[in-house]
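Spelled out from the first residue to the last, the chains are:
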Amino acid sequence: MAGTGSWDDSHELGSQSDDSFQYERQHIEPIYDAFICPLTKQIMRDPVTLENGQTFEREAIEKWFNECKESGRKLVCPLTLRELKTTDMNPSIALRNTIEEWNARNEAVQLDMARKSLNPGCPETDILRALKFVQHLCQKSLSNKHIIRNADLIPMIVDMLKSSSRRVRCRALETLRVVVEDDDDNKEIMAEGDNVRTIVKFLSHEQSKEREEAVSLLYELSKSEALCEKIGSVNGAILILVGMTSSKSENLLTVEKADKTLENLERNESNVRQMAENGRLQPLLTLLLEGSPEIKLSMASYLGELALSNDVKVFVARTVGSSLINLMKSGNMQSREAALKALNQVSSCEPSAKILVDEGILSPLVKDLFAGPNQLPMRLKEICATILANVVTSDCDFDSIPVGPNHQTLVSEDIIHNLLHLISNTGPAIECKLLQVLVGLTSSPTTLIGVVSAIKSSGAINSLVQFIDAPQQDLRMASIKLLQNLSQNMGQELASSLRGTAGQLSGLIKVIGENIASTEEQAAAVGLLADLPERDMGLTRQMLDEGAFEIVISRIVMIRQGEPRRSRFVTPYLEGLVRVLSRITFVLADEPKAVSLCRDHDLAGIFTELLQANGLDNVQMVSAFALENLSQESKNMTKLPELPTPGFCASIFPCFSKQPVMTGLCRVHRGTCSRKDTFCLLEGPAIARLVALLDHTNEKVVEASLAALSTLLDDGVNIEEGVAVLCDAEGIKPIFDVLVEKQTEALGRRAVWVVERLLRTEDIAYEVSGDPNVSTALVDAFQHGDYRTRQIAERALKHVDKIPNFSGIFPNT
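Residues numbered from 1 in each chain as written. Predicted model: local features only at pLDDT ≥ 70, side-chain atom pairs only at ≥ 80, totals over all residues. Heavy atoms only, no water.

1. A closer look at the nonpolar core
Membership of the largest hydrophobic core comes to 191 residues, with the highest contact counts inside it found for Leu284, Leu303, Leu410, Leu486 and Leu759. Core analysis: the next-biggest nonpolar cluster, separate from the first, contains 52 residues, Ile157, Leu176, Ile199 and Ile238 among them. (Core = buried A, V, L, I, M, F, W, Y, C linked by side-chain atoms within 4.5 Å. Buried < 20%, exposed > 50% of the residue type's maximum accessible area, 1.4 Å probe, protein only.)

2. Structural notes on the pattern of salt bridges
Scanning all chains against the criterion turns up 42 salt bridges. The partner of Arg379 in a salt bridge is Glu337, and the shortest N-O contact between them spans 2.7 Å. On the criterion of sequence distance, the pair formed by Arg379 in helix 21 (residues 378-391) and Glu337 in helix 18 (residues 333-346) is long-range, its members being 42 residues apart. Given a relative accessible area of 18%, Glu337 falls into the buried group. A salt bridge links Arg795 to Glu756; the shortest N-O distance between them is 3.7 Å. Here Arg795, found in helix 45 (residues 787-799), pairs with Glu756, found in helix 42 (residues 745-758); they are 39 residues apart in sequence, far enough to count as distant. Using a relative accessible area of 39% as the deciding quantity, one classes Arg795 as partly exposed. (Salt bridge = Lys/Arg side-chain N within 4 Å of Asp/Glu carboxyl O. Helix = DSSP H or I, 4+ residues; strand = E, 2+ residues; numbered from the N terminus.)

3. Comments concerning the packing of aromatic side chains
By the definition in use, this model includes 2 aromatic pairs. An angle of 65° between the planes, with centres 5.4 Å apart, marks the rings of Tyr32 and Phe35 as edge-to-face. Its relative accessible area of 4% is what places Phe35 among the buried residues. Judged by centre distance (5.6 Å) and plane angle (70°), the rings of Phe35 and Trp102 are edge-to-face. (Phe/Tyr/Trp six-rings, centres within 6.5 Å; stacked < 30°, edge-to-face > 60°.)

4. Some words on helix 13 (residues 252-265)
In a regular helix each residue adds 1.5 Å, so 14 residues correspond to 20 Å; helix 13 covers 20 Å between its end C-alpha atoms and thus fits that length. Taken together, the buried positions of helix 13 are occupied by Thr254, Val255, Ala258, Thr261, Leu262, Asn264 and Leu265. As for helix 13, its buried residues are in contact with helix 10 (208-221), helix 11 (225-233), helix 12 (237-245) and helix 14 (269-277). (Expected span 1.5 Å × (residues − 1). Contact = heavy atoms within 4.5 Å.)

5. Focus on the sheet that holds strand 3 (residues 90-91)
The sheet built from 3 strands is open, its strands ordered 2-1-3 with antiparallel pairing. Each edge of the open sheet is held by one strand with a lone partner, namely strand 2 (55-57) and strand 3. With 3 bridges joining them, strand 1 (residues 47-49) and strand 2 adopt antiparallel strand pairing. Bridge pairing links Thr49 to Thr55 in strand 2. (Pairing = 2+ DSSP bridges.)

6. Brief notes about the confidence of the model for the chain
Residue-level pLDDT values for the chain average 85, and 91% of them are 70 or greater. Taken together, the stretch residues 1-21 has pLDDT below 50 and engages in 62 contacts with residues farther than four places along the chain or on a different chain. Below a pLDDT of 50 lies the segment residues 23-27, which in the model reaches 15 contacts outside its immediate sequence neighbourhood of four places, other chains included. (pLDDT = per-residue confidence, 0-100.)

7. A few points about a negative patch on the surface
On the surface, Asp182, Asp184, Glu188 and Glu192 cluster together to form a negatively charged patch. Relative to the helices and strands, Glu192 is located in the loop between helix 8 (184-190) and helix 9 (195-201). (Patch = residues over 30% accessible without salt bridge, like charges linked within 9 Å, V, L, I, M, F, W, Y side chains within 5 Å. Areas by Shrake-Rupley, 256 points an atom, 1.4 Å probe, with all protein chains shown as cover. Lys, Arg positive; Asp, Glu negative; His and termini not counted. Charge placed at Lys NZ, Arg CZ, Asp CG, Glu CD.)

8. Quick notes on the packing of helix 28 (residues 504-513) against helix 31 (residues 548-560)
Running from N to C, helix 28 and helix 31 cross one another at 15°; their axes reach a closest spacing of 10 Å. Classed by the angle they form, the pair helix 28 and helix 31 counts as roughly parallel. Crossing handedness for the pair helix 28 and helix 31: left-handed. Taken together, the residues of helix 31 that come into contact with helix 28 (itself represented by Ile509, Ile512 and Gly513) are Ala548, Ile551 and Arg555. Classifying every residue of the contact of helix 28 with helix 31 gives 4 nonpolar, 1 polar and 1 charged. (Axes fitted to C-alpha atoms, helices over the stretch in contact; angles between N-to-C directions. Parallel < 35°, antiparallel > 145°, perpendicular 65-115°, else oblique. Left-handed = near helix turned anticlockwise from the far one by under 90°. Nonpolar A, V, L, I, M, F, W, Y, C, P; charged D, E, K, R; others polar.)

9. As for the packing of helix 39 (residues 699-710) against helix 42
Interaxial distance between helix 39 and helix 42 falls to 10 Å at its minimum, and their mutual angle equals 25°. By the angle between their directions, the pair helix 39 and helix 42 is classed as roughly parallel. Considering the relative orientation of helix 39 and helix 42, their crossing is left-handed. Across from Glu699, Val702, Glu703, Leu706, Ala707 and Ser710 in helix 39, the residues of helix 42 making contact are Ala746, Leu747, Arg750, Ala751, Trp753 and Val754. Split by residue class, the contact of helix 39 with helix 42 holds 8 nonpolar, 1 polar and 3 charged.

If you want it as structure tokens, here you go:
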């Protein structure tokens with residue numbers, strides 16, 4: 001008989017480290033020599049006896065015989081080394097039964113020891129040994145797993161997950177994985193209570209080893225369909241697993257296990273929904289493509305409820321866009337509704353909308369939209385209109401994609417007429433979406449013309465204008481944005497419609513002034529007003545009567561003081577306000593009210609201030625043109641001095657007369673001037689700022705500045721003094737630079753006109769005559785300009801003696 005040993009002694013498991021947790025030898029039944037194979041030195045599982053009576057492990061002696069045969073040696077007994085006549089082996093059934101009984105008794109003892117050790121109060125080493133023994137027992141035989149189950153060890157091992165020792169927790173997770181492998185009954189026990197939730201908690205644990213063991217255990221559990229639902233029902237489990245699959249810091253094995261776990265969890269429809277919600281959409285899309293009609297409907301419905309990022313929308317459109325469009329054509333109303341809701345979600349970003357257009361969404365969409373109420377309820381038509389509003393914002397050739405039976409396109413007259421008819425005959429929600437469709441179509445120059453033409457032929461402009469007074473903010477805004485898009489091509493029709501008695505102009509003005517912060521709606525409303533014909537006297541008069549300009553002025557002042565600058569719409573809002581305000585400067589000659597308003601609110605001062613709106617080119621340009629209009633009126637508004645009538649002597653003897661010297665008069669306008677009352681540019685910083693803008697990178701700003709400065713050299717003012725004022729402001733050279741650089745034709749024409757006036761001053765003409773650049777620019781204008789510019793250029797060239805003046809030689813005829 002051999003000495004006493006343990007289940008993990010060298011006879012049983014080979015050499016093990018101290019961490020193998022050997023039990024004390026005296027607690028285990030001794031091992032008999034007859035149990036040990038002479039070849040393997042381990043306890044035999046299948047003992048066999050040879051002809052000479054020696055007993056070995058079957059596998060070991062078979063290997064010995066094979067080695068003898070292969071090496072050509074004599075067949076001998078490995079123990080006695082005597083030759084054998086045969087390789088026959090007889091199973092030692094009695095010995096095998098004895099060993100199995102011995103094992104069972106030992107394992108029962110060890111199992112009892114393990115039970116006692118699996119207690120939170122036991123030393124860490126005892127617990128670790130017990131867990132290792134359980135692993136060993138399960139790996140030894142599948143049948144042992146039911147022994148572990150029957151001994152109620154599984155709940156005890158689960159309790160070890162609460163240990164304060166990280167090593168114990170790791171070993172417990174590892175042991176549970178071994179216990180549940182290929183054993184559904186053990187997995188079922190794991191499904192009880194909070195066991196799964198406890199394991200899931202380890203997924204977000206800082207220690208990667210515990211996380212790895214937890215993922216491996218969950219993977220094993222997820223092989224059971226019943227447990228898939230349980231795992232998915234633990235709050236955050238799927239979210240964490242999805243996060244692990246995309247983690248860059250996790251080790252590859254853990255990522256792979258997390259991925260495989262999720263693949264198993266996909267068998268449950270609720271889990272698929274959760275995965276989609278947490279960014280793992282492929283399972284849902286796969287079911288949508290390959291599932292039964294019921295599953296397809298369920299997945300499409302859920303897709304319609306998800307909040308998707310733009311990248312995901314593109315992915316969904318590419319993967320299932322075509323399937324959703326087919327589902328949308330289905331005769332089943334539930335399927336159509338689910339498909340439409342999903343398409344509504346997916347279509348709401350430009351790249352995904354473009355994919356859906358390429359997949360052929362337009363034709364069925366338009367068909368559904370124009371279908372009778374019996375074919376599609378209004379709530380679904382509203383979704384159709386929303387999808388159409390989404391897709392028309394994409395960069396597609398809507399004027400060439402057929403959408404009707406006769407190859408009509410979205411901008412065909414009858415299609416637009418149908419849309420307009422729907423807009424007039426449906427509720428606010430769908431009206432808003434249909435207006436947004438028209439907003440999308442009028443945002444592109446290629447489709448704008450077709451829409452404008454159809455609106456003109458249908459006479460629908462008055463109907464569209466009425467929506468400005470809609471109580472629903474989104475409906476009002478959609479109509480204002482549409483009208484703003486139309487204003488460039490239908491300005492006169494819009495102005496006439498707004499001037500009507502229905503009060504839409506008042507509604508527009510109310511929108512412009514109602515908030516402190518600048519909103520998108522306000523920017524669109526003021527943009528619409530700004531685009532209307534600036535010389536429409538009737539519209540400007542009505543705006544004066546309704547106090548529009550006072551509201552505009554207060555808003556400009558507020559913005560310049562920096563109050564609502566937080567809004568991203570503040571720039572287009574300010575630009576629109578300045579353009580609307582500039583309207584008043586076009587009617588000064590015919591409208592006394594306009595003159596009074598300009599004086600009362602010092603508009604010349606406001607526009608001068610706006611010249612410094614750096615970075616806002618349009619504001620600077622419009623302000624300079626407004627100052628041109630104001631300055632042109634200065635000569636008509638200046639009060640000329642009343643000279644006293646000469647006395648009797650002076651009338652007979654001129655030598656007695658002495659001209660009175662008038663002081664305080666305007667150099668250019670020859671009378672009493674001020675910025676506020678006569679809009680004179682000489683008072684204040686206007687001229688210096690306009691000269692500074694001649695160097696602007698935007699040629700439109702340069703042209704507007706030059707236009708304002710040219711009023712100092714106009715007919716009806718003292719041109720010599722105007723030139724002197726420009727000299728004082730160091731504006732002469734920049735003006736010549738504009739002529740030489742001449743960025744646009746319009747700028748060239750203005751520059752030639754101003755330069756000719758400057759060259760009437762001999763000193764300037766003399767100085768310029770030696771500048772070949774100026775001469776070349778004037779010659780170019782003389783040769784290539786329009787008729788009037790060529791005449792002016794010719795006069796300018798005469799001032800610098802580049803063209804001879806024949807007026808003294810040939811008498812005028």
